[in-house]
Amino acid sequence: MNTIPVIAFKNKAKKDRFLSNGPDAGDWSDDDLDVSVSEIENAFMIWRGDLTKPTDKDVEALKEESKAHKNFMLDQYGTDAVINFDVEQWLEQYEPVNLEITKEQWELAKEWY
């Protein structure tokens, strides 16, 4: 397998810009820290352990995980909680897109997880 199927989150308002996998992975020349397709290994991505193509079900599972995290944070810390892992909020600005990345890019991406 030369490429790995993934889902990344493409910025709806910017051409070929993707949600980074956090501030350390972000492009600091971009106001939102979005990364370009040439730096896709630094993007937040979904992939499957068996390396089959992820689907909308994988995005829905991520949304559910995010909701559980958000509820936990609110229960623990109240309305002052800082919640960065809020997929529903991400989806206001980003859309999930299927991509194929190289095995080398995937190996680099795995280092963020």
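Predicted model, so just to flag it, every value in this text is computed and none were measured. (Residues numbered from 1 in each chain as written. Predicted model: local features only at pLDDT ≥ 70, side-chain atom pairs only at ≥ 80, totals over all residues. Heavy atoms only, no water.)

The next point concerns the packing of aromatic side chains. Applying the stated criterion across every chain, the model contains five aromatic pairs. The interplanar angle of 75° and the centroid separation of 5.9 Å between the aromatic rings of Phe9 and Trp90 together place this pair among those described as edge-to-face. With Phe9 in strand β1 (residues 3-11) and Trp90 in helix α2 (residues 87-93), this pair connects stretches of sequence that are 81 residues apart. When its relative accessible area of 0% is taken as the criterion, Phe9 is described as buried. For Trp90, a relative accessible area of 15% puts it in the buried group. Among the aromatic residues, those joined into a ring-pair cluster are Phe9, Phe44, Phe85 and Trp90. Sitting over the ring of Trp106, Lys110 keeps its end group 4.0 Å from the ring centre. (Phe/Tyr/Trp six-rings, centres within 6.5 Å; stacked < 30°, edge-to-face > 60°. Helix = DSSP H or I, 4+ residues; strand = E, 2+ residues; numbered from the N terminus. Buried < 20%, exposed > 50% of the residue type's maximum accessible area, 1.4 Å probe, protein only. Lys NZ or Arg CZ within 6 Å of the ring centre and 35° of its normal.)

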